Amino acid sequence: MPIARAAASIALDGFELRVVHLPLVSPFTTSFGTETVREAIIVRALTADGDGWGEMVTSSSPLYSSEYTQGAWDVAQRFLVPALLEPARLAPEEVPGLLEPIVGHRMAKAGLELAVIDAALRSEGRPLGEYLGASVDRVPSGVSVGIQRDPAELVELVRGYLDAGYVRIKIKIKPGRDLAETAAVRDAFGTIPLQVDANSAYTLDDADLLAELDRFDLLLIEQPLQEDDIVDHATLAARLRTPVCLDESITSAKAAADALTLGAASVINIKAGRVGGYLEAVRIHDLCRDAGVPVWCGGMLETGIGRAANAALAALPGFTLPGDVSASDRFYMRDIVTEPAVLEDGHIAVPTGPGLGVEIDPDALDAATVERVELRR
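The model shown is predicted, which means the values in this text are computed figures rather than measured ones.

Student: How should I be thinking about the packing of helix α9 (residues 253-262) against helix α11 (residues 278-291) in this particular structure?
Tutor: Between two packed helices, both the angle of their axes relative to each other and the distance between the axes serve to describe the pair. Following both chains from N to C, one finds α9 and α11 inclined at 25 degrees, their axes separated by 9 Å at the closest point. One way to sum up the angle between α9 and α11 is to call them roughly parallel. The handedness of the crossing between α9 and α11 is right-handed. Touching Ala253, Ala256, Ala257 and Leu260 of α9 are Glu280, Arg283, Ile284, Leu287, Cys288 and Ala291, all from α11.

Student: Explain the packing of aromatic side chains here, please?
Tutor: Each pair of aromatic rings is reported with the distance of its centres and the angle of its planes. Tallying each qualifying case throughout the model produces three aromatic pairs. Summarising the aromatic geometry, the rings of phenylalanine 28 and phenylalanine 331 are spaced 5.9 Å apart at their centres and angled 85 degrees between planes, so their arrangement reads as edge-to-face. Here phenylalanine 28, found in strand β1 (residues 12-30), pairs with phenylalanine 331, found in the loop between α12 (304-314) and β12 (347-349); they are 303 residues apart in sequence, far enough to count as distant. We classify phenylalanine 28 as buried; its relative accessible area is 7%. Centroid distance phenylalanine 331 to tyrosine 332: 6.3 Å. Interplanar angle 55 degrees. Geometry classified as tilted. According to the relative accessible area criterion, tyrosine 332 is buried, its value standing at 3%. Among the aromatic residues, those joined into a cluster by ring pairs are Phe28, Phe331 and Tyr332.

Student: Explanation requested: the pairing of strand β2 (residues 33-47) in the structure shown.
Tutor: The side chains of a regular strand alternate, first on one face of the sheet and then on the other. One ladder, built from 14 bridges, connects β1 with β2; its direction is antiparallel. Paired with threonine 29 across the two strands is threonine 34, which belongs to β2. Counting the residues that bridge the hairpin from β1 to β2 gives two residues. Looking at chain direction, β2 and strand β3 (residues 52-56) are connected through five bridges and run antiparallel.

Student: Sorry, what's going on with the sheet that holds β1 here?
Tutor: Note: strands within a sheet are paired through backbone hydrogen bonds, in either parallel or antiparallel orientation. Strand order across the open sheet formed by four strands is β3-β2-β1-β13, with antiparallel pairing between neighbours. Unpaired on one side and paired on the other, β3 and β13 (369-376) mark the two borders of the sheet. Shown here is a sheet whose adjacent strand axes are inclined to one another by a mean of 25 degrees, direction ignored. Along the sheet, helix α3 (residues 106-124) makes contact with β1, β2 and β3, crossing β3 at roughly 165 degrees.

Student: Teacher, can you tell me more about the pairing of β3 here?
Tutor: Taken across its five residues, β3 has five buried, putting it largely inside the fold. Burial along β3 is two-sided: Gly52, Gly54 and Met56 facing one way and Trp53 and Glu55 facing the other are all buried.

Student: Which parts of the structure should I look at to understand helix α1 (residues 69-85)?
Tutor: Spacing of three or four residues puts side chains on the same side of an α-helix, whose turn is 3.6 residues. Of all the bends in α1, the largest measures some 55 degrees and sits at alanine 76. All of the buried residues in α1 are Thr69, Gly71, Ala72, Trp73, Val75, Ala76, Leu80, Val81, Ala83, Leu84 and Leu85. Where α1 is buried, its residues meet β1, β2, β3, α2 (95-99), α3 and β13.

Student: Would you mind going over the nonpolar core with me for this structure?
Tutor: Soluble globular proteins: nonpolar side chains tend toward being buried together. Ranked by internal contacts, the top residues of the largest apolar core, which has 123 residues, are Phe15, Leu17, Leu128 and Ile171. Beyond its immediate chain neighbours, meaning those up to four positions away, leucine 128 contacts Leu114, Ile117, Leu121, Ala309, Ala312, Gly355 and Leu356.

Student: When you look at the packing of α1 against α3 in this model, what are you seeing that I'm missing?
Tutor: The interhelical angle for the contact between α1 and α3, taken along N-to-C directions, is 50 degrees, at an axis separation of 10 Å. The angle between α1 and α3 falls in the class oblique. When you trace α1 past α3, the crossing you get is right-handed. In this structure, α1 uses Ala72, Val75, Leu80, Val81 and Leu84 to contact α3, whose residues at the interface are Ala108, Lys109 and Leu112.

What counts as what
- Numbers given for residues are sequential positions, taken from 1 along each chain in its written order.
- Thresholds applied to this predicted model are a pLDDT of at least 70 for local features of residues and 80 or more for the giving and counting of side-chain atom pairs; totals over whole chains, interfaces and linings are not thresholded and use all residues.
- With hydrogens and water excluded, all non-hydrogen atoms of the structure serve as input to the side-chain values.
- Here an angle of 0 to 180 degrees is reported between the N-to-C directions of two axes, which are lines fitted to C-alpha atoms, with helices fitted over the stretch in contact.
- Only runs of H or I of at least four residues qualify as helices and only runs of E of at least two qualify as strands under DSSP, and these elements are numbered from the N terminus.
- Just so you know how the angles are binned, under 35 degrees is roughly parallel, over 145 roughly antiparallel, 65 to 115 roughly perpendicular, and the rest oblique.
- By definition, turning the near helix anticlockwise from the far helix through less than a right angle yields a left-handed crossing, and turning it clockwise yields a right-handed one.
- Here a residue-residue contact requires only that any non-hydrogen atoms of the pair lie within 4.5 Å.
- Working definition: a ring pair exists when centres of Phe, Tyr or Trp rings (six-membered ring for Trp) sit within 6.5 Å. Plane angles under 30 degrees give stacked, over 60 give edge-to-face, the rest tilted.
- When a residue's accessible area, from a 1.4 Å probe over protein chains only, is under 20% of the maximum for its type it is buried; when over 50% it is exposed; and in between it is partly exposed.
- We treat two strands as partners when DSSP finds at least two bridges between them.
- A residue's bend is given by the angle between axes fitted to the 7 residues ending at it and the 7 residues starting at it.
- Note on terminology: a nonpolar core comprises buried Ala, Val, Leu, Ile, Met, Phe, Trp, Tyr and Cys residues joined through side-chain atoms within 4.5 Å.

Structure (structure tokens):
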């Protein structure tokens, strides 16, 4: 289901980029480290008819992927923004082609693309969900739970999220912090929808250990092996009853098609930042929907900007599993939008206003900003 109707073309005057630091409500620990402050780049597309907002979901260090904030900051100013300011006018659908000559840097590209989409749709008074092809007005909300001090602490944290109404639990695992944690959550809460995320922490040598997760009746195991181990993922998938889901390995629609052809995954996690933008995310959705493969929307601890965009994306019909589009207060005491995402009856509403459908809180944005630059035509 390609974009049904192209967005309006706009004349860009320039871009404003801001590095922001947002303290997390609690530390978030995965197999590759612990975050206490979320660092990201907020993008503002400047036009005579109004501005648009985007978010580069990089982190301070290249641990989840090769991208990191200062790298995105540099490549955006040197190469990506100048490429987008070259034409007199452009439509959002032209952004990927203009940026294609620059290899990689998908998170940086995605943030700029989203800002252009938002500006164009605001000029039309058109919601992002309608533009992408949303079929529902709210999406089921899952929560991602980091590695805790011990299984008992993990169980109590999960209990709180279930009491809050989250409809699916994902726990992070790594070698030595896997079977006991999963068993504790399953034993405590019975048949709740439960999945685990390894963030590439294992190798094929761990196949026997990972096969022990089969007894917990999980929705899926996410990215057990390294991102470039597509063939090994196919080998592992054949040995597990638990469905294998790929995250870091899926960087494009082509990568998704290859993984499905090889049998490396039976579920795909779609993150717009990881694949280079929301337009590419829709292409992956369409590919998987046509192949009968379920997808869900992953999260990168987004601010209210990326969270609103993810809710719109997750409202497409192929997103048949609950994603990581959780409430803003899961991560932040104070978001940078005036109406943060809230959990209601286990769901997050898809914004219906023009563009992203959220407005920026300028005081909160200024308070979080640690670096700012404006690039004009």
